[in-house]
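# Chain and residue survey
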Amino acid sequence: MKVQFIGATHEVTGSCTLLEVGGRFYMVDCGMEQGTDVFQNIPLPIRPAQLEAVFLTHAHIDHSGMIPKLCKDGFKGPIYATHATCDLSNIMLRDSAHIQESEAQWQNRKAERSGAPAVEPTYTLADAEAALRLMRRCNYGEMIRVGEGVTLRLTDIGHLLGSAAIELWLTEGEETRKIVFSGDVGNQNQPIINDPQFVEETDYLVLESTYGNRNHPGQRGDAVADLAFWIQRAFDRGGNVVIPSFAVGRTQEMLYAIREIKQKGMVKGHPDFPVYVDSPLAVEATGIFLQCDTSCLDPETQAVLRAGYNPIWSPGVTLSVTADESKAINFDKTPKVILSASGMCEAGRIRHHLKHNLWREESVVLFVGYQAEGSLGRRLQEGAKTVKLFGEEIAVNAEIATLNGTSGHADQAGLIRWLRGFQVMPKTVFINHGDDDSVLEFKKLLQGAGYNAEDPYSGTEYDLITGKMTIYAEGKKIDRSVNAKGTQRAQAVFDELVAAAEELLRLVKKRRSMTNKDNAKLTDQIRSLINKWKN
């Protein structure tokens, strides 16, 4: 019975963890890395076809985005998630596949001109659809027997519509252990969705640490007033408010706040000001939020519904779906709010809106979510004077601001609050899903509070029965110098070789009950391979 950490180790994105129970393999999340990739991840040490099932904490791409690639490479098992996560994944994985295909087409047009070899997309729409057919809808609180020795329960973690902590009871022989994966722990008092629910007990906890070394500077109650302030400020000088916003979750929260601002008349002199939701994905996600089971919504949102109001809609909101509708926004000189993806400004229509607004002193670019290290959003937050968009250097004259109190992640105090919900301290807390500094500082904080806290790097493995580390892995930072590219490729090939050798070792250890003849034959084959390559 083992857990091995693959992704989001000392990094915020690319969540992926492997479990082995009774010789069978399971995976928690299979996310895509976003922003700057700081540490090398080991390749998956097994073939995807060997996986029995995947457990998905929520639909965000940094947790779900590589599931179609998993299916492309041979995975055919069930993917367990809540109803809302299945609904959101249906649009998000399709959208991600479209991005992969579009990027490959763009690269291949360049390759054709230069004579370089063609590239394949990471995965296609067909791969995403194959993954979606494997989704298994689960209710919060439902005890589900997944397979021999594995029982699953999902608990609302309050990060995104449908987000869940994964509770797993694992049994080998007479030994049973429980492990909980927090996923992304939600912030308290977020609009629309419920607060994180507590889990009472576990032997082992895998806990995120996105904000493990800091607290949010603002109170949630200030966010609506602060948003109204920035809208008033930009509109009074004839500018726009450009909000890079994640299409799923954050956009709907901003629409909720804008409805309240308009209902209370908090922006003076600009009644029913125009608001553009310029993201086809956000439009689809908003429909899912409006149609979800009301038990997923917090009491305040349910009260708005009972009063006869649409909680995330108001006069003056326009949905922009087509490319022509998107382009038209920037030809309209009326001061407006533009909500567009992606939230970190790495892709999507938001980059066009930045091109048209960053150089304008009267406009405001307002960040309402986490900006990963290395992302365009982070560079703007940190004071970049110019940025390159579509091959053109753009001066940053617009006012760059951050709306505090809108994070979907629990801060350090929120993580500690949720951790203290356990009635007994877990035997070990594994800290992941945080930048290097955040992980290390949060580990030190937990150890000072009496917890046995570990900060595994990619490749580290633990035996859950004994509680001991079985594979130690050091963090390997990626060398981004031009001369290092060949070295990085060589390292990746070597890592794949090591993974294949480790898979062979696992196979050998399971052959104790095989015939002497078969084992002798395999031994001869291995020795022949060794003799071929030892020199």
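Higher on the page you've got the structure.
Thresholds applied
Residues numbered from 1 in each chain as written. Predicted model: local features only at pLDDT ≥ 70, side-chain atom pairs only at ≥ 80, totals over all residues. Heavy atoms only, no water. 1 Å grid on protein atoms, 1.4 Å probe; cavity = no way out; pocket = protein on both sides within 12 Å on 5 of 7 lines; lining within 4 Å. Points joined across faces, edges and corners; volume = space filled by probe spheres on them. Helix = DSSP H or I, 4+ residues; strand = E, 2+ residues; numbered from the N terminus. Nonpolar A, V, L, I, M, F, W, Y, C, P; charged D, E, K, R; others polar. Buried < 20%, exposed > 50% of the residue type's maximum accessible area, 1.4 Å probe, protein only. Pairing = 2+ DSSP bridges. Core = buried A, V, L, I, M, F, W, Y, C linked by side-chain atoms within 4.5 Å. Contact = heavy atoms within 4.5 Å. Polar contact = N/O pair within 3.5 Å; in protein donor to acceptor, adjacent residues only side chain to side chain. Axes fitted to C-alpha atoms, helices over the stretch in contact; angles between N-to-C directions. Lys, Arg positive; Asp, Glu negative; His and termini not counted. Salt bridge = Lys/Arg side-chain N within 4 Å of Asp/Glu carboxyl O. Patch = residues over 30% accessible without salt bridge, like charges linked within 9 Å, V, L, I, M, F, W, Y side chains within 5 Å. Areas by Shrake-Rupley, 256 points an atom, 1.4 Å probe, with all protein chains shown as cover.

### Brief notes about empty space enclosed by the protein
Under the counting rule described, the total for this entry stands at four cavities of 30 Å³ or more. Estimated volume of the largest cavity: approximately 110 Å³. Element by element, the count of residues in the lining of the largest cavity is highest for strand E11 (residues 204–208), at three residues. Size it by volume and the second largest cavity reaches roughly 50 Å³. Val185, Gly186, Gln188, Pro196, Phe198, Ala410, Gly414, Arg417 and Trp418 are the residues that line the second largest cavity. Considered class by class, the residues forming the lining of the second largest cavity number five nonpolar, three polar and one charged.

### A few points about the pairing of strand E16 (residues 364–367)
Burial along E16 is two-sided: Val364 and Leu366 facing one way and Val365 and Phe367 facing the other are all buried. Of the pairings in the sheet, the one linking strand E12 (residues 241–244) to E16 comprises two bridges and is parallel in character. Directly across from Val241, in E16, lies its bridge partner Val364. Across four bridges, the pairing between E16 and strand E19 (residues 399–402) is parallel. Its bridge partner being in E19, Leu366 is matched across the sheet by Ala401.

### A closer look at the nonpolar core
Leu88, Leu227, Val337 and Leu366 are the most contacted members of the largest nonpolar core, which has 77 residues in total. With residues near it in sequence (within four places) discarded, Leu227 still touches Ile243, Met254, Ala257, Ile258, Ile261, Leu366 and Leu403.

### What to know about the side chain of His159
Tracing the chain through its elements places His159 in the loop between strand E8 (150–156) and strand E9 (164–172). A distance of 3.3 Å separates the side chain of His159 from the side chain of His60, its partner in a polar contact. In this view, His159 contacts His58, His60, Asp184, Val185, Gly186, Gln190, Ile193, Gly408 and His409; residues no more than four positions away in its chain are not counted.

### Digging into the sheet that holds E12
Judged by pairing direction, the sheet is parallel, and its six strands sit side by side in the order E14-E13-E15-E12-E16-E19 without closing on themselves. The strands lining the two open edges of the sheet, one partner per strand, are strand E14 (317–319) and E19. Neighbouring strand axes in the sheet, compared pairwise and without regard to direction, differ in orientation by 20° on average. Pairing geometry for E12 and strand E15 (residues 337–340), over four bridges, is parallel. Residue pairing in the sheet places Val241 in a bridge with Val337 of E15. Helix H5 (residues 223–236) contacts E12, E15, E16 and E19 of the sheet and is inclined by roughly 135° relative to E12.

### With respect to the side chain of Asp463
Within the secondary structure, Asp463 sits in strand E22 (residues 461–463). The side chain of Asp463 is buried and forms no salt bridge, while Lys2, the nearest opposite charge, is found at 5.8 Å. Reaching out from Asp463, the side chain makes a polar contact with the backbone nitrogen of Ile465 at a distance of 2.8 Å.

### Here's the deal with the sheet that holds strand E20 (residues 428–432)
In spatial order, the strands read E7-E8-E9-E10-E11-E20-E21; together these seven strands make up an open sheet with mixed pairing. Strands at the two margins of the open sheet, each flanked by one partner only, are strand E7 (144–147) and strand E21 (453–454). With three bridges connecting them, strand E10 (residues 175–181) and E11 associate as parallel partners. Opposite Ile179, over in E11, you have Tyr204 as the bridge partner. Where helix H12 (residues 412–419) meets the sheet, it contacts E9, E10 and E11, and its direction lies at approximately 160° from that of E11. Sheet strands touched by helix H13 (residues 436–448): E11, E20 and E21. Its angle to E20, the strand with the most contacts, is close to 160°.

### Overview of the pairing of E11
Judged by how many residues are buried, E11 sits mostly within the fold: five of five residues are covered. What you see with E11 is no split at all: Tyr204, Val206 and Glu208 on one side and Leu205 and Leu207 on the other are buried throughout. Relative to E20, E11 runs parallel, the two being bridged by five bridges. The residue of E20 that forms the bridge with Leu205 is Val429.

### A few points about a nonpolar patch on the surface
Together, Phe494, Leu497 and Val498 make up an exposed nonpolar region whose accessible area comes to about 280 Å². Tracing the chain through its elements places Leu497 in helix H14 (residues 485–509).

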